[in-house]
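Residue strings, one per chain:
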Protein chains: 2
Amino acid sequence: MNTVKAYGNQSATAPLGALNIERRALNADDVSIEILYCGVCHSDIHTARSEWGPARYPVVPGHEIIGKVTAVGDAVSRFKTGDVVGVGCMVDSCQHCDACAEDLEQYCENGFTGTYGSIDKHLGGHTFGGYSEAIVVKEKFVLHIPENLDIAKAAPLLCAGITTWSPLKHWNVKAGDKVGIIGLGGLGHMGIKFAHAMGAKVVMITTSAAKGNDARLLGADEVLISTDQSQMELHKNSFDFLLNTIPVGHDVDPYLNLLKRDKTMVMVGAIEPLANLNSGILVRKRRNIAGSLIGGIRETQEMLDFCGVHNVLPEVEMIDMQSINAAWDRVVKADIKYRFVIDMESLKK
Amino acid sequence: MNTVKAYGNQSATAPLGALNIERRALNADDVSIEILYCGVCHSDIHTARSEWGPARYPVVPGHEIIGKVTAVGDAVSRFKTGDVVGVGCMVDSCQHCDACAEDLEQYCENGFTGTYGSIDKHLGGHTFGGYSEAIVVKEKFVLHIPENLDIAKAAPLLCAGITTWSPLKHWNVKAGDKVGIIGLGGLGHMGIKFAHAMGAKVVMITTSAAKGNDARLLGADEVLISTDQSQMELHKNSFDFLLNTIPVGHDVDPYLNLLKRDKTMVMVGAIEPLANLNSGILVRKRRNIAGSLIGGIRETQEMLDFCGVHNVLPEVEMIDMQSINAAWDRVVKADIKYRFVIDMESLKK
């Protein structure tokens, strides 16, 4: 067991500050990682503030981790000291249920082990995330980062990236499809980049003309202002796929009307009651609404490899660990284009 | 043009009574049909009472029609005088859009012509349905009734039947699947019969133990009382498919929790706002919710042929045309097992 520096909070109302946490000694199938960068996800805030049910304190958030391997267990074959690696939202799962057998650990029927806030099978207590200088992770849950990617920017691929990649792939988005990305934040901006790189015709759907302009710079071919009835009417029945990244409950009917017959809108932002859904809109064109949760380890590696080939990277703003509380306030106000990444070198100060 | 006897109403509040309507002279591709039986669908009531927006009066309802061919146009090849035939919810569509090209006339992008209450392309005015002694229908929209079926009972297959058959087939329900039928009325009872005949393990999901017992007689293997939390918990994550026939908006969350990962609940009853839907339930297991509208002409014929082979028929209560107003009151109170059929011989009285 090793004591490492971290940042976390002790209660729902406490700010984040420096603390020490324990990391387990290396097991045969473990990889020890020095954390170089960690992305800031809105989930970090929801969890640390007990907004998704009571948290286990202290909370050390962070599940968008980029680091360097410092040691590997005897049974580890895929990684060696010095490799640049990633860790996302999961660090373990049961490995024997149907979901795990299909490489869909995010749907593990016995519950995956989250990178932070889950029961720690090794040390007891609960898991601590990436707002820390080091982490020990089972090889199966460690990802290769392609050498050509700028590793200072890559961290958000591990959550915002895979959360948008997985539904685009699962619902078979392909070149020429008309794809709508609803909402422009950490998730939405990755949705635009991926759909564009897949060759789709990408439409940014937003309430804000300013965000529309930003979206064009990210790869959107067109902008649809969702509050403009006449624009919405023009695009009715025309979309092959909709990725809905709006992070709160809202009236989904205006968006569902945009879908062609038999097509699907996938929810990845809101995980709460929707303000409205008229099932008549589903009935009249056999439309679907579905949800999708992050992505499996295998498809996360596929996404990272795709990013390497197509040089897809998030837009990030680098911060020091010490500015995390101010950064969180800006995340809550959606005042970030589009993801904060913590430079963990700052933790050594 | 021919004047025929019918039953209809003149305003949202007027009861149905005898009246005369016009039927067009036979075109080359038309089939003239003497109506023998007509099913009573809740849609008839919603339409005639302007509950689905202002109706065109007089309304002559009825889109579950069984009749005998009395004449055919020169270009008609599939029917001859004396054939027993069916007509369902549609009597025409554009025949050139993508949906029509895929034999999915119910999703015609230019709007199908409903059997009643749609614009009549031939006579002007609007179409009149099956509560009448005769109808003239384009050959393409006329269906063969298998000879072995009891034609006095077959009428509800043309709406209640195809509305439940189509989603069961489209979502590929197969032998051994665990299928839940939610709600036991005109639609639900056909859902049980079809899913059972397809070899699925059928679970009736209802608030009422009495309905559960009825469902077993119709072919349900098991009954799940949806208000019993412990029963619902036992069946969580276990269904391959759910067919939701509840005719009004309701909280769908308890039902969605019953689905396995990646599986679908299809709405065929409610065509209005749902009381609640928490998208987190979709997200956590990549579940889907979809809608489905009646069915295409080709699949309606396939369903009728299946009913012939497996002797699947609705449970009906025969009435005379003159008791229609009392029957409607009973439909509204759900006091019918499970479909009224009007014996059109009574219209001659």
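Conventions adopted
- Residues numbered from 1 in each chain as written.
- Chains lettered and ligands numbered in written order.
- Predicted model: local features only at pLDDT ≥ 70, side-chain atom pairs only at ≥ 80, totals over all residues.
- Heavy atoms only, no water.
- Helix = DSSP H or I, 4+ residues; strand = E, 2+ residues; numbered from the N terminus.
- Rg over C-alpha atoms; globule rule 2.2 N^0.38 Å.
- Buried < 20%, exposed > 50% of the residue type's maximum accessible area, 1.4 Å probe, protein only.
- Contact = heavy atoms within 4.5 Å.
- Areas by Shrake-Rupley, 256 points an atom, 1.4 Å probe, with all protein chains shown as cover.
- Lys, Arg positive; Asp, Glu negative; His and termini not counted.
- Charge placed at Lys NZ, Arg CZ, Asp CG, Glu CD.
- Buried area = accessible area lost by both parts, 1.4 Å probe.
- Salt bridge = Lys/Arg side-chain N within 4 Å of Asp/Glu carboxyl O.
- Polar contact = N/O pair within 3.5 Å; in protein donor to acceptor, adjacent residues only side chain to side chain.
- Nonpolar A, V, L, I, M, F, W, Y, C, P; charged D, E, K, R; others polar.
- Least-squares fit on C-alpha atoms with pLDDT ≥ 70 in both.
- Pairing = 2+ DSSP bridges.
- Core = buried A, V, L, I, M, F, W, Y, C linked by side-chain atoms within 4.5 Å.
- Domains from an automatic or database assignment.
- Axes fitted to C-alpha atoms, helices over the stretch in contact; angles between N-to-C directions.
- Parallel < 35°, antiparallel > 145°, perpendicular 65-115°, else oblique.
- Phe/Tyr/Trp six-rings, centres within 6.5 Å; stacked < 30°, edge-to-face > 60°.
- pLDDT = per-residue confidence, 0-100.
- Disulfide = S-S within 2.5 Å.
- Right-handed = clockwise from strand over helix to strand, strands pointing away.
- Expected span 1.5 Å × (residues − 1).

1. A look at the overall build of chain A
Phase 1 of the analysis: A tally of helices and strands in chain A yields 10 helices and 17 strands.
Phase 2 of the analysis: For chain A, the C-alpha radius of gyration of 20 Å lies close to 20 Å, the compact-globule estimate for 349 residues.
Phase 3 of the analysis: Dimensions of chain A, computed from C-alpha atoms along their principal axes, come out at roughly 60 × 40 × 35 Å.
Phase 4 of the analysis: Burial status across chain A gives 59% buried among its 349 residues.
Phase 5 of the analysis: Looking at chain A alone, contacts between residues at least 24 apart form 66% of all its contacts between residues at least 6 apart.
Phase 6 of the analysis: As displayed, chain A has an accessible area near 13200 Å², and 49% of this comes from carbon and sulfur atoms.
Phase 7 of the analysis: One way to put it: in chain A the 34 positive side-chain charges average out to a point 6 Å from where the 41 negative ones average out.

2. Focus: the interface of chain A and chain B
Phase 1 of the analysis: With 34 residues of chain A at the contact, the number on the chain B side is 34 residues.
Phase 2 of the analysis: Carbon and sulfur atoms supply 55% of the area that chain A and chain B bury against each other, a total of about 2900 Å² over both sides.
Phase 3 of the analysis: Its largest share of buried area at the contact with chain B, chain A owes to R261, V283 and R286 of chain A, together 26% of the area lost on that side.
Phase 4 of the analysis: The interface formed by chain A and chain B contains two salt bridges.
Phase 5 of the analysis: Put simply, R261 of chain A and E102 of chain B hold a salt bridge, and the shortest N to O gap is 3.2 Å.
Phase 6 of the analysis: Our count for the chain A to chain B interface comes out at 15 residue pairs in polar contact (both at pLDDT 80 or more).
Phase 7 of the analysis: At the level of secondary structure, the elements contributing two or more residues to the side of chain A that touches chain B comprise α2 (98-101), α3 (160-170), β14 (259-267), α8 (279-284) and β15 (288-291) of chain A.
Phase 8 of the analysis: At five residues, the largest contribution of residues to the side of chain A that touches chain B is made by α8 of chain A.
Phase 9 of the analysis: Partitioned by chemical class, the residues of the side of chain A that touches chain B number 15 nonpolar, nine polar and 10 charged.

3. Comments concerning the relation of the copies chain A and chain B
Phase 1 of the analysis: For the match of chain A to chain B, the screw axis carries a shift of 0.0 Å, the RMSD comes to 0.0 Å, and the turn is 180°. Such a turn and shift between the copies fits a two-fold axis. Looking at the rotation axis and the C-alpha trace of chain A, the residue lying nearest is I289 of chain A, at 2.7 Å.
Phase 2 of the analysis: When the interface residues of chain A are mapped onto chain B, 100% of them again lie at the interface, so the same face is used by both copies.

4. Quick word on the pairing of strand β8 (residues 134-138) of chain B
All names here are of chain B.
Phase 1 of the analysis: Judged by how many residues are buried, β8 sits mostly within the fold: five of five residues are covered.
Phase 2 of the analysis: Residues of β8 alternate between two faces, with A134, V136 and K138 on one and I135 and V137 on the opposite face, all of them buried.
Phase 3 of the analysis: Alignment of strand β3 (residues 30-39) against β8, held across five bridges, turns out to be antiparallel. Across the sheet, residue I33 finds its bridge partner in β8, namely I135.

5. Observations concerning the nonpolar core
Phase 1 of the analysis: The biggest cluster of nonpolar side chains holds 93 residues, and the ones touching the most others in it are Y131, L157, I192, F194 and I324 of chain B.
Phase 2 of the analysis: Of the residues forming this core, the biggest block, six residues, is contributed by β3 of chain B.
Phase 3 of the analysis: Looking at which domains feed residues into this core, each of domain 1 (2-158 + 315-348) and domain 2 (161-291) of chain B supplies at least three.
Phase 4 of the analysis: One finds I145, L158, V266 and L347 of chain A within the second-largest nonpolar core, a separate group that totals 92 residues.

6. With respect to the packing of α3 of chain A against helix α9 (residues 297-310) of chain A
When two helices pack together, their arrangement is captured by the angle between the axes and the distance separating the axes.
Residues and elements named next belong to chain A.
Phase 1 of the analysis: Close contact between α3 and α9 brings their axes to 10 Å; oriented N to C, the two are set at 100°. As the angle between them shows, α3 and α9 are arranged roughly perpendicular. Mapping the contact onto sequence places G161, I162, W165 and S166 in α3 and E299, T300, E302, M303 and F306 in α9.
Phase 2 of the analysis: The class makeup of the residues in the contact of α3 with α9 is four nonpolar, three polar and two charged.

7. Digging into the packing of aromatic side chains
Phase 1 of the analysis: A complete count under the given rule lists 10 aromatic pairs over all chains for this structure.
Phase 2 of the analysis: Measuring from ring centre to ring centre gives 5.3 Å for W165 of chain A and F194 of chain A, while their planes differ by 70°; the resulting arrangement is edge-to-face. In this pair, W165 of chain A sits in helix α3 while F194 of chain A sits in helix α4 (residues 186-197), placing the two residues 29 residues apart along the sequence. One exposure class covers both W165 of chain A and F194 of chain A, and it is buried.
Phase 3 of the analysis: Both rings, one in W165 of chain B and one in F306 of chain B, keep their centres 4.8 Å apart while their planes meet at 55°; by these two values the pair is tilted. Residue W165 of chain B is found in helix α4 (residues 160-170), and its partner F306 of chain B is found in helix α10 (residues 297-310); the two are separated by 141 residues along the sequence.
Phase 4 of the analysis: Three or more aromatic residues link up through ring pairs in this structure, and these residues are W165, F194 and F306 of chain A.

8. Remarks on the confidence of the model for chain A
Phase 1 of the analysis: Taken residue by residue, chain A gives an average pLDDT of 97. The fraction at 70 or more is 100%.
Phase 2 of the analysis: On the interface metric, ipTM, the complex scores 0.96, and its pTM is 0.96.

9. A closer look at the state of the cysteines
Phase 1 of the analysis: For the structure shown, the criterion picks out zero disulfides over all chains.
Phase 2 of the analysis: C100 of chain A carries a free sulfur, and the closest cysteine sulfur to it, the one in C97 of chain A, is 3.8 Å from it.

10. Brief notes about the side chain of H63 of chain B
Phase 1 of the analysis: Inspection of the secondary structure puts H63 of chain B in the loop between α1 (42-48) and β4 (65-72).
Phase 2 of the analysis: Not counting residues up to four positions away in its chain, the partners in contact with H63 of chain B are C38, C41, S43, D44, V87, G88, C89, T115, Y116, L158 and C159 of chain B.

11. Here we look at the pairing of strand β10 (residues 178-182) of chain A
All names here are of chain A.
Phase 1 of the analysis: Here β10 lies mainly inside the structure; five of its five residues are buried.
Phase 2 of the analysis: Pairing between β10 and strand β11 (residues 201-206): five bridges, direction parallel. Note on β11: the bridge partner recorded for I181 is M204.
Phase 3 of the analysis: In this fold, the crossover linking β10 to β11 by way of α4 has right-handed handedness.
Phase 4 of the analysis: Relative to strand β13 (residues 239-244), β10 runs parallel, the two being bridged by four bridges.

12. Some remarks on the pattern of salt bridges
Phase 1 of the analysis: One pass over the full model with this rule turns up 46 salt bridges over all chains.
Phase 2 of the analysis: As a salt-bridge pair, R286 of chain A and D262 of chain A come within 2.6 Å of each other at their nearest N and O atoms. Of this pair, R286 of chain A sits in the loop between α8 and β15 while D262 of chain A sits in strand β14; the two residues are 24 residues apart in sequence, bridging distant segments of the chain.
Phase 3 of the analysis: The exposure class of R286 of chain A is buried, given its relative accessible area of 3%.
Phase 4 of the analysis: As a salt-bridge pair, D329 of chain B and R49 of chain B come within 3.8 Å of each other at their nearest N and O atoms. Here D329 of chain B is found in helix α11 (residues 324-332), whereas its partner R49 of chain B is found in the loop between α1 and β4, with 280 residues between them in sequence.
Phase 5 of the analysis: Taking relative accessible area as the criterion, D329 of chain B reaches 42% and is therefore assigned partly exposed.
Phase 6 of the analysis: According to the relative accessible area criterion, R49 of chain B is partly exposed, its value standing at 28%.

13. Here's the deal with α10 of chain B
All names here are of chain B.
Phase 1 of the analysis: Its 14 residues place the ends of α10 20 Å apart at the C-alpha level, agreeing with the 20 Å of an ideal helix rising 1.5 Å per residue.
Phase 2 of the analysis: Check the buried side of α10 and you find it contacts β6 (90-92), β9 (143-144), α4 and α5 (186-197).
Phase 3 of the analysis: A positive backbone phi angle near 50° is found at N311, which sits one or two residues after α10.

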